[in-house]
Amino acid sequence: MKILVVGGGGREHALAWKLRRDDPRVEIIAAPGNPGIAALGRCVPLKATDIAGLAALARSEGVSFTVVGPEAPLDAGIVDHFRQQGLAVFGPSAAAARIETSKRFAKDLMLAAGVPTASARTFTDAEAARADVRRLGAPVVVKASGLAAGKGVIVAMTIAEADDAIAMMLEGNAFGEAGHEVLVEEFMEGEEISVFALTDGTHILPMIAAQDHKRIGEGDTGPNTGGMGAYAPVSIETPAITGLTVDRVFEPTLRALRDAGCPFTGLLYAGLMLTADGPKVVEFNCRFGDPETEALLPLLTSSLLEPMRAVANGDSIAGAAPFAWSGAAVTTVVAAGGYPGTVRGGSAITLPPDEEGVTVFHAGTARDASGTLVTAGGRVFAVTAVGGTLADAQRRSVAHAERVSFEGRRLRRDIGWRELARSARTP
Ligand code: AMP
Ligand code: GLY
């Protein structure tokens, strides 16, 4: 069986790795892929957003189905295009992907469906937005409505900061079109977790929760990044929280999307704030999270391939066995010097020898003209260690990540610290 994986980051490497683990006979074709994925299959130099090119590739290779990693091709309608051509594909239509690509659409849908989330209003007029900020008081959250590469959210601790964000987006041109409509949102207090659910549009297979570490610095300090690491499982996700998440978040959201005429198929990602009033949605994403996927998939002992294939083929997953999990995982991201600011690619990389229980997923790597592995992005690797305990997984993930060497390399040594602090408090 051939499977086409669209994308070329750590998430796509983890997906390709898991699909091959589920069935070693699977032939992976990745576009554009990366040098890590190239060790598992064949990479074809097509951009993830070259929809016509990807469809032609899927057809000429006779792939069984295509898995779409990033949000950009989903937003651009890759799933609609593939389905029109009769090609099996795992992911949501562009209309369903609006749950991520339009914060306004997501917020309106959640509020109408009674899904717990922060209250918010949408504005295109800066004066009206500023008035709403004053009505809510600080802290308050200002968000660009469109896709802004994860940077369009300002959690303003003061009214002045909120005013600056509004001016930047509505009066300036920060985030371009994506920022010409803003949401002014109530601030929620609590700890955040990421919960993924694989769905055929109606039935769901939820995954265990993971926690992402978005700040560059240890102790969750400094500027936001795409994610400096993740771990799973998360003990604050109790069975009661899982139940609430399924009943009050996933089920009503999927129903609302079906009722809106755009059923969501693929992987629905709920970013949840565990507030004193229960879990509330911070955001939805229409795809697997990165780097949570790199932490979760090595713990998944049951097949991802089977339910993915069913959903890609338009089949039901009703009655599918729940996902099964074992162990604890810590993923430490190895980033380039300067990240999350501008980074310089092309630094030669030396990797340590393979180690049992540790997987090095490539995120931003490339081969130069002479075939040397070099850096090619802000997040360069996601190093996942699986252990019997989280402490063990953290120790081995950090030790291995520290042995990855290239100029300017930076990493956090404390991924999972909240969980380790919790378990230290539990007798
Ligand atoms: P988003 O891109 O919507 O995930 O937002 C980025 C980050 O901003 C989230 O991961 C939260 O940490 C924070 N955030 C977003 N909305 C809120 C909110 N209403 N209250 C508190 N923090 C928020
Ligand atoms: N880990 C956050 C994201 O994938 O959006």
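Residues numbered from 1 in each chain as written. Chains lettered and ligands numbered in written order. Predicted model: local features only at pLDDT ≥ 70, side-chain atom pairs only at ≥ 80, totals over all residues. Heavy atoms only, no water.

Draft legend 1. Structural view of the site of ligand 2. Near ligand 2 you find D212, Y269, N285, R287, G289, D290 and E292, and these make up its full shell. Between N285 and ligand 2, the recorded distance is 3.4 Å, taken from a side-chain N or O atom to an oxygen atom. Taking D290, its main chain carries an N or O atom lying 2.9 Å from an oxygen atom of ligand 2. Calculation on ligand 2 without its partners gives an accessible area of 200 Å², and the protein chains cover 88% of this total. Grouping the amino acids of the shell around ligand 2 by side-chain chemistry returns 1 nonpolar, 2 polar and 4 charged. (Near = heavy atom within 4 Å. Polar contact = N/O pair within 3.5 Å; in protein donor to acceptor, adjacent residues only side chain to side chain. Areas by Shrake-Rupley, 256 points an atom, 1.4 Å probe, with all protein chains shown as cover. Nonpolar A, V, L, I, M, F, W, Y, C, P; charged D, E, K, R; others polar.)

Draft legend 2. Focus on the pairing of strand 18 (residues 328-335). For strand 18, a buried count of 8 out of 8 residues is recorded, marking the element as mostly surrounded by other parts of the structure. Residue alternation in strand 18 divides its side chains into two sets, A328, V330, T332 and V334 and A329, T331, V333 and A335, and both sets are buried. Pairing of strand 15 (residues 229-232) with strand 18 involves 4 bridges; the strand directions are antiparallel. Pairing of G229 across the sheet is with T332, part of strand 18. Pairing geometry for strand 18 and strand 22 (residues 379-387), over 8 bridges, is antiparallel. (Buried < 20%, exposed > 50% of the residue type's maximum accessible area, 1.4 Å probe, protein only. Helix = DSSP H or I, 4+ residues; strand = E, 2+ residues; numbered from the N terminus. Pairing = 2+ DSSP bridges.)

Draft legend 3. How the structure looks around the packing of helix 7 (residues 103-113) against helix 10 (residues 239-259). Contact geometry for helix 7 and helix 10: axes closest at 10 Å, N-to-C directions at 110°. Looking at the two axes, helix 7 sits roughly perpendicular to helix 10. Residues F105, L109 and A113 of helix 7 pack against P252, T253, A256 and L257 of helix 10. When grouped by side-chain class, the residues that make up the contact of helix 7 with helix 10 number 6 nonpolar, 1 polar and no charged. (Axes fitted to C-alpha atoms, helices over the stretch in contact; angles between N-to-C directions. Parallel < 35°, antiparallel > 145°, perpendicular 65-115°, else oblique. Contact = heavy atoms within 4.5 Å.)

Draft legend 4. Structural detail: helix 8 (residues 126-136). Turning to helix 8, its buried residues are A126, A129, R130, D132 and V133. End-on, the buried residues of helix 8 take up no more than an arc of 160°, which puts them together on one face. At its buried positions, helix 8 is contacted by strand 6 (120-123), strand 7 (140-144), helix 9 (159-171) and strand 9 (182-186). At the C-terminal side of helix 8, G137 shows a positive phi close to 75°. (Arc of directions from axis to C-beta.)

Draft legend 5. Layout of the side chain of D290. Relative to the helices and strands, D290 resides in the loop between strand 17 (278-285) and helix 11 (292-296). The side chain of D290 sits in the buried core without any salt bridge; R379 is the nearest counter-charge, 4.1 Å away. Sequence-distant contacts of D290, that is, excluding residues within four places in its chain, are made with G10, R11, G226 and R379. (Lys, Arg positive; Asp, Glu negative; His and termini not counted. Salt bridge = Lys/Arg side-chain N within 4 Å of Asp/Glu carboxyl O.)

Draft legend 6. Representation of the layout of surface pockets within the structure. Here the second largest pocket is characterised by a volume of approximately 340 Å³. Together, 17 residues line the second largest pocket, and H13, D354, T359, V360 and H362 are the ones closest to its centre. Sorting the residues of the lining of the second largest pocket by element identifies helix 1 (10-22), helix 2 (35-38) and strand 19 (358-362) as the ones contributing at least two each. The dominant element in the lining of the second largest pocket, judged by the number of residues it contributes, is strand 19, at 4 residues. (1 Å grid on protein atoms, 1.4 Å probe; cavity = no way out; pocket = protein on both sides within 12 Å on 5 of 7 lines; lining within 4 Å. Points joined across faces, edges and corners; volume = space filled by probe spheres on them.)

Function cannot be read off these values alone, since they describe shape.
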